[in-house]
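Each chain, written out:
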Amino acid sequence: MKWPDHVSVYHKLREAPTSSTEAFALDVLILSERHQRPAARCVEEIMVYDYQKGAKTPLEAFMLGKFEQTWEAQEQARMHNGTSIRKLIEKVEKLEKESWDREGAVEDMGGGGG
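In this report, we go over the structure that sits alongside the text. (Residues numbered from 1 in each chain as written. Predicted model: local features only at pLDDT ≥ 70, side-chain atom pairs only at ≥ 80, totals over all residues. Heavy atoms only, no water.)

1. Quick look at the nonpolar core
Here comes step 1: Of all hydrophobic cores here, the largest spans seven residues; its members are Leu 13, Phe 24, Leu 26, Val 48, Leu 59, Leu 64 and Trp 71.
Here comes step 2: Sorting the residues of this core by element identifies β2 (23–32) and α1 (61–99) as the ones contributing at least two each.
Here comes step 3: Those residues within four positions of Leu 13 in sequence are excluded, and the remaining contacts are Phe 24, Ala 25, Leu 26, Phe 67, Thr 70, Trp 71 and Gln 74. (Core = buried A, V, L, I, M, F, W, Y, C linked by side-chain atoms within 4.5 Å. Buried < 20%, exposed > 50% of the residue type's maximum accessible area, 1.4 Å probe, protein only. Helix = DSSP H or I, 4+ residues; strand = E, 2+ residues; numbered from the N terminus. Contact = heavy atoms within 4.5 Å.)

Put into structure tokens, the structure is as follows:
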């Protein structure tokens, strides 16, 4: 990757948040827009810290609510996309069976021998 390029950065919660969550991890994908492929994968580790107390602290209620909503949206997208992927694989396998997995089928190795 080199300039000029633009990147998109995608984050995903690694685990569902709970009321006792003091730290959490985000899986990160950095995508090169020019090349339309991953440029990097990272993990961000985030700790909730109360500087007045000088200690780790659990997520506050409003934070937990938003992270729970995010987790639920991720899970719904995962299930929806998983279904779409399974349907696509089934279509490809059907196409392969119809074209390759039939009696008398011969693979063309591109030799041009006619």
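2. With respect to a nonpolar patch on the surface
Here comes step 1: Together, Met 1, Val 7 and Val 9 line one region of the surface with nonpolar side chains, adding up to about 280 Å² of accessible area.
Here comes step 2: By the element assignment, Val 7 lies in strand β1 (residues 7–13). (Patch = residues over 30% accessible without salt bridge, like charges linked within 9 Å, V, L, I, M, F, W, Y side chains within 5 Å. Areas by Shrake-Rupley, 256 points an atom, 1.4 Å probe, with all protein chains shown as cover. Salt bridge = Lys/Arg side-chain N within 4 Å of Asp/Glu carboxyl O.)

3. Let's talk about the pattern of salt bridges
Here comes step 1: Following the criterion strictly, the structure yields five salt bridges and no others.
Here comes step 2: Arg 78 serves as the salt-bridge partner of Glu 75, at 2.7 Å between the closest nitrogen and oxygen. One end of the pair, Glu 75, and the other, Arg 78, are both in helix α1, three residues apart, so they sit about a helical turn from each other.
Here comes step 3: Each of Lys 12, Arg 14 and Asp 27 takes part in one network of salt bridges that share partners.

4. Re the pairing of strand β3 (residues 37–47)
Here comes step 1: In terms of strand pairing, β2 meets β3 through ten bridges, oriented antiparallel. The residue of β3 that forms the bridge with Leu 26 is Glu 44.
Here comes step 2: With antiparallel pairing between neighbouring strands as the criterion, β2 and β3 make up a hairpin whose turn holds four residues, including Gln 36 at a positive phi of roughly 50 degrees. (Pairing = 2+ DSSP bridges.)

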